[in-house]
Amino acid sequence: MKTFKQTYEIRAGVEKVWQALVDPKIIEKWSGSSAKMDGKVGTKFELWGGDIWGINTEVVESKKLVQDWFGGDWREPSKVTFVLTSDPDGTRVDLIHENLPDEEAGEFEDGWRKFYMGEIKRLLEKAY
């Protein structure tokens, strides 16, 4: 199983970045697909019309979101952690994705940049 970490600098306030992670209406804007999500522990979420699903396992509003993620026919979840930190230029997001099947790790590393955090960054920075 693989683990990787990525860091993103987004020129938007922490509250806006947080909402892009937990508000299904905003998620639908950056993902282009239906989403079920909120910022509460125990929420069962679905992204990309159910291609990715899981549960929020830890929530510290506007600071930290930890989720168990499932995709495909995974027997056990991977773990995704978002840590948000305010900085002078906006928000730093540290992303850690753990327990990924070896054969899918590269695809997910690229997918975060292109389809998830990259799209959040594009959406939020358009407003500034």
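Preceding this paragraph is the structure being described.
Residues numbered from 1 in each chain as written. Predicted model: local features only at pLDDT ≥ 70, side-chain atom pairs only at ≥ 80, totals over all residues. Heavy atoms only, no water.

Here we come to the overall build of the protein chain. Each helix and strand counted, the protein chain has three helices and six strands in total. Helices and strands appear in the protein chain in the N-to-C order β-α-α-β-β-β-β-β-α. Against the compact-globule benchmark of 14 Å for 128 residues, the protein chain has a radius of gyration of 14 Å, which places it among compact chains. Seen through its C-alpha atoms, the protein chain measures out along the principal axes to roughly 40 × 25 × 25 Å. Taking as baseline every contact in the protein chain between residues at least 6 positions apart, the subset at least 24 positions apart corresponds to 46%. Per element, the accessible surface of the protein chain, about 6900 Å² overall, is 49% carbon and sulfur. Within the protein chain, one finds 19 positive and 24 negative side-chain charges whose respective centroids are separated by 4 Å. (Helix = DSSP H or I, 4+ residues; strand = E, 2+ residues; numbered from the N terminus. Rg over C-alpha atoms; globule rule 2.2 N^0.38 Å. Contact = heavy atoms within 4.5 Å. Areas by Shrake-Rupley, 256 points an atom, 1.4 Å probe, with all protein chains shown as cover. Lys, Arg positive; Asp, Glu negative; His and termini not counted. Charge placed at Lys NZ, Arg CZ, Asp CG, Glu CD.)

Below, the discussion takes up helix α3 (residues 105-126). Under the 1.5 Å per step criterion, the end-to-end length of α3 is 30 Å for 22 residues, consistent within 8% with the ideal 32 Å. Looking at α3, one finds that the buried residues are Ala105, Phe108, Gly111, Trp112, Tyr116, Met117, Gly118, Ile120, Leu124 and Glu125. (Expected span 1.5 Å × (residues − 1). Buried < 20%, exposed > 50% of the residue type's maximum accessible area, 1.4 Å probe, protein only.)

Bringing the environment of Ser78 into the picture now. Here Ser78 lies in strand β5 (residues 78-87). Here the alpha-carbon distance between Ser78 and Glu58, two residues 20 residues apart in the chain, equals 14 Å. For Ser78, the side chain forms a polar contact with the side chain of His97, separated by 2.7 Å. (Polar contact = N/O pair within 3.5 Å; in protein donor to acceptor, adjacent residues only side chain to side chain.)

On the basis of relative accessible area, Ser78 is assigned to the buried category, the value being 1%. With near-sequence residues (within four places) excluded, Ser78 lies in contact with Gln67, Asp68, Trp69, His97, Glu98, Asn99 and Leu100.

This paragraph deals with the packing of helix α2 (residues 24-31) against α3. Two elements in contact, α2 and α3, have axes whose closest approach is 9 Å; the angle formed by their N-to-C orientations is 100°. Considering the angle they form, α2 stands roughly perpendicular to α3. Between α2, through Ile26, Lys29 and Trp30, and α3, the contact on the second element is made entirely by Phe115, Tyr116, Glu119, Ile120 and Leu123. (Axes fitted to C-alpha atoms, helices over the stretch in contact; angles between N-to-C directions. Parallel < 35°, antiparallel > 145°, perpendicular 65-115°, else oblique.)

A separate point is the environment of Ala12. When you line up the elements, Ala12 lands in the loop between β1 (2-10) and α1 (14-22). By relative accessible area, Ala12 is classed as buried at 2%. Separated by 74 residues in sequence, Ala12 and Ser86 have C-alpha atoms that sit 9.3 Å apart.

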